[in-house]
Protein chains: 2
Amino acid sequence: MYSGVMETPRDRLVTAMSDLMWERGHAATSPREVRERSTVGQGSMYHHFSGKHPPALAALERNCADLLPGSLELLEGEGTPLAWWRAYLSRDRDALRGCKVGRLTQDPEVASDPELLAPVADAFAQVRGALTRVLSQAFDAGELPASLCPERVAALMSATIQGGYVLAIAAQDPALFHDACQGVLELLDVASSFRRRLARLRRRRLLKERMGRRLATSPDLLNAGPLVLGP
Amino acid sequence: MYSGVMETPRDRLVTAMSDLMWERGHAATSPREVRERSTVGQGSMYHHFSGKHPPALAALERNCADLLPGSLELLEGEGTPLAWWRAYLSRDRDALRGCKVGRLTQDPEVASDPELLAPVADAFAQVRGALTRVLSQAFDAGELPASLCPERVAALMSATIQGGYVLAIAAQDPALFHDACQGVLELLDVASSFRRRLARLRRRRLLKERMGRRLATSPDLLNAGPLVLGP
DNA sequence: GTCTATAAACTGATAGAC
DNA sequence: GTCTATCAGTTTATAGAC
């Protein structure tokens, strides 16, 4: 069925609700505001939706569906685990506007309504799942120390982004968002370089044993100052 | 001036506003709710405060003043930097209720009002400052690799907590909050053990040179499997 | 300082013509 | 499906007695 270029009134209502939930949350959004933004008549609104709940659920599901693919596609395809999580944590995000989905966890009417919370919970679970898979690959490849737990590091990555928004908005400075993300990247770089260095030591030791002679430990390892990481 | 055990009506209004801002945020809180909770009469409320803004500012300033000391005192006193940040990140927090202060960054009326946002920004800046000082001490003592930046790791710690709330509420499971906090602790443990191990290598090398003889590299270092950290 | 009464405004929701 | 008109219920805010 051809719907033309114009959005249908129903879509306009959902779009208005979606925008308002991002800007103001659910509890702070009144049906009147939704109606005004959607430029839909008073009577028409009640023809399409009865109350605030149904359009809110539709808006939420659309927001999650819109946002998820962009996040998930960064965490797969060509490349290495390290490149994936770097891309994910370095992704350009509008720090002062916050997360369309995450913000709603702070809304009393969403958090207390299992139906509204479900798509939010699902979106976060999927992102965390993808991050966990990526990290597990890095562990299997020996690129991260086994003392780290993929699930916990995945939770940390998601939390860093969500908490980064909080810090940035509080300070009205996007730099804090990027500081937090950089911070976790730097820690992961240390952890993965650690593993690489240990592996290097192991290889040398094996080599040394096989060749039956002593190999001087590489001075550049022992003098290592700040950890400098490859590109 | 003696005020007795009972809170004054003005205090009751501020307390009610404070509780409601935590539970529902500012935008979603109506003057009527504040009046009902405070059990202050309609006329009395307008005698003490004109509108929602003044009691909100008072409530916010009180919340920040109540919350800050508890956080700051964990980050000083006897002990080591590592013990301080562990205590800070392991502190018992009600993950599903969220942060009294941080939640308000997601409120449109707080985020867009410089006067209301100021105490929030200040509280976060102070915590970040304390964390940065603690981390700087660890860097100075050589307990963390110099590739890490104290400010960024401090931002990461704050973000982890704030983001942990988001994940926990989304999943309605406090475990996710603790996962995120544990995740950053584990990464910091790796980073600090890394530094310790490098330092150990350096000491041995110095010793070796001074004694003019070769010292076999410690097998327990080279065979290190999962990093096991001290208590 | 506190209370009751009341005014003024607004909001959510419905009905019925087109 | 959309519009106008309208109603009922609430909410904010003020006035004035105590």
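Going by the annotation in an unreviewed UniProt entry, the name recorded for chain A is TetR family transcriptional regulator, with Tessaracoccus flavescens given as the source organism.

### Concerning the relation of the copies chain A and chain B
Mapping between the two copies of the chain is achieved by a rotation about an axis and a shift along the axis. The transformation that overlays chain A on chain B combines an axial shift of 0.0 Å with a rotation of 180 degrees, and the residual RMSD is 0.1 Å. The symmetry that links the two subunits is that of a two-fold axis. Judged by C-alpha distance, G163 of chain A is the residue of chain A that lies nearest the rotation axis, at 1.9 Å.

### A word on the protein's contact with DNA strand C
As a matter of local geometry, DNA strand C sits amid 15 residues, with S30, R32 and G43 of chain A together with G41 and G43 of chain B nearest to it. When residues of the surface near DNA strand C are traced back to their parent elements, those giving at least two are α2 (31-38) and α3 (42-48) of chain A together with α3 (42-48) of chain B. For the surface near DNA strand C, the element with the most residues is α3 of chain B, which contributes four residues. When the residues that make up the surface near DNA strand C are grouped by side-chain class, the tally is four nonpolar, 10 polar and one charged.

### Considering the protein's contact with DNA strand D
As a matter of local geometry, DNA strand D sits amid 14 residues, with G41 and G43 of chain A together with S30, R32 and G43 of chain B nearest to it. Broken down by element, the surface near DNA strand D gets its largest block of residues, four residues, from α3 of chain A. Taken together, the residues that form the surface near DNA strand D break down as four nonpolar, nine polar and one charged.

### Overview of helix α4 (residues 53-74) of chain B
Residue and element names in this part refer to chain B. In a regular helix each residue adds 1.5 Å, so 22 residues correspond to 32 Å; α4 covers 33 Å between its end C-alpha atoms and thus fits that length. At L68, α4 shows its maximal bend, which comes to roughly 25 degrees, and the proline P69 appears one to four places after that position. Residues P55, A56, A59, L60, N63, C64 and L74 constitute the buried set of α4. Where the residues of α4 are buried, they touch α1 (9-24), α2 (31-38), α5 (81-90) and α7 (114-140).

### Side note on unusual backbone geometry
Residue and element names in this part refer to chain B. Positive phi, close to 50 degrees, is recorded for T39, a residue that is not glycine. The residue T39 is located in the loop between α2 and α3 in this model. A tally of 11 C-beta atoms within 10 Å means that T39 is categorised as exposed. A positive phi is found at Q172, a non-glycine position, where the angle reads about 50 degrees. The topology assignment puts Q172 in the loop between α8 (150-171) and α9 (174-211). For Q172, a count of 14 C-beta atoms within 10 Å gives the class partly exposed.

### Some details on the interface of chain A and chain B
At the interface, 61 residues of chain A touch 64 residues of chain B. Broken down by secondary-structure element, the contributors of at least two residues to the side of chain A that touches chain B are α1 (9-24), α6 (108-111), α7 (114-140), α8 (150-171) and α9 (175-211) of chain A. Grouping the amino acids of the side of chain A that touches chain B by side-chain chemistry returns 36 nonpolar, 15 polar and 10 charged.

### Focus: the confidence of the model for chain A
On average, residues of chain A carry a pLDDT of 89, and 87% of them reach 70 or more. Segment residues 217-231 of chain A: pLDDT under 50, and 17 contacts once partners within four positions in sequence are set aside and those in other chains are kept.

### Topic: the UniProt feature "domain: HTH tetR-type" (unreviewed entry) in chain A
As recorded in UniProt, the feature "domain: HTH tetR-type" (unreviewed entry) lies at residues 7-67 of chain A. Helix makes up 75% of residues 7-67 of chain A and strand makes up 0%, while its end C-alpha atoms are separated by 20 Å.

### A few points about the packing of α1 of chain A against helix α4 (residues 53-74) of chain A
All names here are of chain A. Across the interface, α1 lies against α4 with an axial gap of 8 Å and an inter-helix angle of 75 degrees. With respect to each other, α1 and α4 are oriented roughly perpendicular. Along the contact surface, α1 presents L13, V14, M17, S18 and M21, while α4 presents P55, A56, A58, A59, R62 and N63. Taken together, the residues that form the contact of α1 with α4 break down as eight nonpolar, two polar and one charged.

### Here we look at the nonpolar core
Ranked by size, the top nonpolar core spans 129 residues in total, and within it V120, L167 and V184 of chain A together with V120, L167 and V184 of chain B carry the most contacts. Discounting residues that sit within four places of it in the chain, V120 of chain A has contacts with L60, C64, V101, L104, T105 and V110 of chain A together with A170 of chain B.

### Quick notes on the packing of α7 of chain A against α8 of chain B
Running from N to C, α7 of chain A and α8 of chain B point in directions that differ by 120 degrees, and their axes come no closer than 8 Å. By the angle class used here, α7 of chain A and α8 of chain B are oblique. Every pair of crossing elements has a handedness; the one defined by α7 of chain A and α8 of chain B is left-handed. Residues V120, A121, F124 and A125 of chain A of α7 of chain A form the contact with α8 of chain B, whose own contacting residues are L167, A170 and A171 of chain B. The residue makeup of the contact of α7 of chain A with α8 of chain B, split by class, is seven nonpolar, no polar and no charged.

Thresholds, definitions, all that
Residues numbered from 1 in each chain as written. Chains lettered and ligands numbered in written order. Predicted model: local features only at pLDDT ≥ 70, side-chain atom pairs only at ≥ 80, totals over all residues. Least-squares fit on C-alpha atoms with pLDDT ≥ 70 in both. Near = placed C-beta within 6 Å. Helix = DSSP H or I, 4+ residues; strand = E, 2+ residues; numbered from the N terminus. Nonpolar A, V, L, I, M, F, W, Y, C, P; charged D, E, K, R; others polar. Expected span 1.5 Å × (residues − 1). Bend = angle between axes of the 7 residues up to and from the residue. Buried ≥ 20, exposed ≤ 12 C-beta atoms within 10 Å, placed from the backbone. Contact = placed C-beta atoms within 7 Å. pLDDT = per-residue confidence, 0-100. UniProt positions renumbered as here; feature names shortened; annotations may be inferred. Axes fitted to C-alpha atoms, helices over the stretch in contact; angles between N-to-C directions. Parallel < 35°, antiparallel > 145°, perpendicular 65-115°, else oblique. Core = buried A, V, L, I, M, F, W, Y, C linked by C-beta atoms within 7 Å. Left-handed = near helix turned anticlockwise from the far one by under 90°.

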